[in-house]
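Chain residues, written in single-letter form:
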Amino acid sequence: MADKTVADHIVRAAWMGASDVHLLVGSPPIYRLQGNLVTSADDGIVQEHDMKMLVRKVMPEAAAVRRLDEGNPIDFTMSLPEKGRARLNIYTSGGLWAAAARILPSKIPGLDQLGLPPVVRSMISRASGLLLVSGTSGSGKTTSLASILDHINHNRPCHIITLEDPVEYLHQNIQAVINQREIGLDSPSFTLGLKAALRQDPDIIMVGEMRDLEDIAIVLTAAETGHLVLASVHSGSAVQTLERVVDAFPPHQQQQVRTQVAQVLVGIIHQRLFPSTFGNSRVLAAEILVMTPAVRNMVRGGKMH
């Protein structure tokens with residue numbers, strides 16, 4: 001395997017139109033095309049010494065290498081020539097180094113191009129509240145959030161703060177002023193980053209993912225105090241998203257949280273990706289929960305079903 005083969009395969013995956021590429025020692029690179037895992041006869045086997053050497057080139061800091069040697073995975077992004085960026089997760093499997101790279105296109109797709117319905121525009125025009133984008137892993141939540149921010153950036157003068165781990169899509173200031181903060185580089189954690197963001201005069205806060213009770217509590221507080229908050233959640237449906245937010249809290253707090261969610265939630269975009277009719281791409285199917293007065297009453301009353 002040549003000295004730059006790992007990086008070359010990531011670039012190649014972008015040119016192929018793959019969404020991901022998996023690099024495992026002892027195996028050829030594995031590409032995810034239209035949701036299917038495929039290999040190429042032209043690729044060689046990934047060798048351990050090549051993987052270590054190439055990962056160290058991407059992450060020259062000795063502390064990062066030590067983290068991998070101790071079995072702690074690391075997330076970061078890298079630029080791809082003419083093809084945008086890639087988000088990498090470097091980890092160990094059976095004591096050997098491995099990498100999973102998600103390809104991020106250079107151009108952020110528009111809401112119409114993604115297939116999100118027009119009601120999303122009315123949701124993101126709100127001055128305050130909470131909008132959740134949910135789905136399983138690989139369902140395009142990050143791309144949808146990037147598209148929503150790009151739409152706001154082109155149509156609304158405001159101050160946007162993002163908290164991401166790591167920063168994936170890069171935004172340029174157009175009408176909005178956007179500060180993209182990376183966890184581990186600009187803030188030690190989502191929780192501390194959210195607390196700091198509330199003191200930085202934001203109009204909109206985007207949280208890459210709500211991970212635990214403390215994150216959810218601060219997100220709800222931020223939405224209550226007059227900010228529009230965008231966040232992603234791993235779940236299987238719009239209703240399960242609601243249940244996950246409420247169930248993160250201890251039982252004695254859940255009624256209070258239901259009331260809080262019913263007050264601040266703008267809506268939920270739950271999405272999945274399916275193969276297109278011709279099988280050469282994937283299309284988005286979205287389930288949109290709009291917080292009408294009737295829905296708010298059901299949430300307050302705990303009638304999630």
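Residues numbered from 1 in each chain as written. Predicted model: local features only at pLDDT ≥ 70, side-chain atom pairs only at ≥ 80, totals over all residues. Heavy atoms only, no water.

Peer 1: Quick rundown of the overall build of the chain? Include the residues and the values.
Peer 2: Each helix and strand in the chain was counted, giving 11 helices and 13 strands. Against the 2.2 N^0.38 benchmark of 19 Å for 305 residues, the chain shows a C-alpha radius of gyration of 20 Å, consistent with a compact globule. For the chain, with 305 residues in total, the buried portion stands at 48%. In the chain, 56% of the contacts between residues at least 6 apart in sequence involve partners at least 24 apart. On the chain, roughly 14300 Å² of surface is accessible, and the fraction owed to carbon and sulfur atoms is 51%. If you average the places of the 28 positive and of the 29 negative side-chain charges in the chain, the two averages end up 5 Å apart. (Helix = DSSP H or I, 4+ residues; strand = E, 2+ residues; numbered from the N terminus. Rg over C-alpha atoms; globule rule 2.2 N^0.38 Å. Buried < 20%, exposed > 50% of the residue type's maximum accessible area, 1.4 Å probe, protein only. Contact = heavy atoms within 4.5 Å. Areas by Shrake-Rupley, 256 points an atom, 1.4 Å probe, with all protein chains shown as cover. Lys, Arg positive; Asp, Glu negative; His and termini not counted. Charge placed at Lys NZ, Arg CZ, Asp CG, Glu CD.)

Peer 1: Can you tell me about helix α7 (residues 190-197), naming the residues and giving the values?
Peer 2: When you tally the buried positions in α7, you get six out of eight residues, the bulk of the element. All buried positions along α7 are accounted for by Phe190, Thr191, Gly193, Leu194, Ala196 and Ala197.

Peer 1: So what about the packing of helix α9 (residues 238-247) against helix α10 (residues 254-264)? Which residues, and what values?
Peer 2: α10 packs onto α9 with a crossing angle of 130° between their chain directions and a minimal axis gap of 9 Å. Taken together, the axes of α9 and α10 lie oblique to each other. The handedness of the crossing between α9 and α10 comes out as right-handed. Touching Leu242, Val245, Val246 and Asp247 of α9 are Gln254, Val257, Arg258 and Val261, all from α10. (Axes fitted to C-alpha atoms, helices over the stretch in contact; angles between N-to-C directions. Parallel < 35°, antiparallel > 145°, perpendicular 65-115°, else oblique. Left-handed = near helix turned anticlockwise from the far one by under 90°.)

Peer 1: Can you break down the sheet that holds strand β8 (residues 159-164) residue by residue, with the values?
Peer 2: Read across the open sheet, the seven strands follow the order β9-β8-β10-β11-β7-β12-β13; overall the sheet is mixed. At either margin of the open sheet sits one strand with a lone partner, and together these are β9 (177-182) and β13 (282-290). Adjacent strand axes in the sheet meet at a mean angle of 20°, parallel and antiparallel pairs treated alike. Against the sheet, helix α8 (residues 213-224) makes contact with β7 (129-135), β10 (204-207) and β11 (228-234), and its axis sits at roughly 140° relative to β7, the strand it touches most. Running over the sheet, α9 touches β7, β11, β12 (265-275) and β13 and is turned about 130° from β12. (Pairing = 2+ DSSP bridges.)

Peer 1: Quick one: what's the story with the pattern of salt bridges, residue by residue and with numbers?
Peer 2: Going through the model one piece at a time under the given rule, you end up with seven salt bridges. Between arginine 87 and glutamate 168 there is a salt bridge; the shortest N-O distance is 3.1 Å. Here the residue arginine 87 occupies a position in strand β5 (residues 84-93), and glutamate 168 occupies one in the loop between β8 and β9, the gap between them amounting to 81 residues. Between lysine 195 and glutamate 214 there is a salt bridge, with the nearest N and O atoms lying 3.8 Å from each other. Taken as a pair, lysine 195 in helix α7 and glutamate 214 in helix α8 lie far apart in primary sequence, 19 residues in all. A relative accessible area of 38% places lysine 195 in the partly exposed class. Each of Arg12, Asp42 and Asp43 takes part in a single network of salt bridges with overlapping partners. (Salt bridge = Lys/Arg side-chain N within 4 Å of Asp/Glu carboxyl O.)

Peer 1: Provide a residue-level description of the sheet that holds β5, including the pertinent values.
Peer 2: Strand order across the open sheet formed by six strands is β3-β2-β1-β6-β5-β4, with antiparallel pairing between neighbours. On the outer flanks of this sheet lie β3 (36-38) and β4 (74-80), each paired with one strand and no other. Mean inter-strand twist for the sheet, computed between neighbouring axes without regard to direction, equals 25°. As judged from the seven bridges shared by β4 and β5, these two strands associate in the antiparallel manner. Bridge assignment links leucine 80 to a residue of β5, and that residue is glycine 84.

Peer 1: Any details on the packing of α8 against α10? Residues and values, ideally.
Peer 2: Put simply, α8 and α10 touch, their axes get as near as 10 Å, and they point 45° apart. Here α8 is positioned oblique relative to α10, judged by the angle of their axes. Crossing geometry of α8 relative to α10 is assigned as left-handed. For the pair formed by α8 and α10, the contact residues are Leu220, Thr221, Ala223 and Glu224 on the first element and Val257, Gln260, Val261, Gln263 and Val264 on the second. Of the residues that constitute the contact of α8 with α10, the class distribution is five nonpolar, three polar and one charged. (Nonpolar A, V, L, I, M, F, W, Y, C, P; charged D, E, K, R; others polar.)

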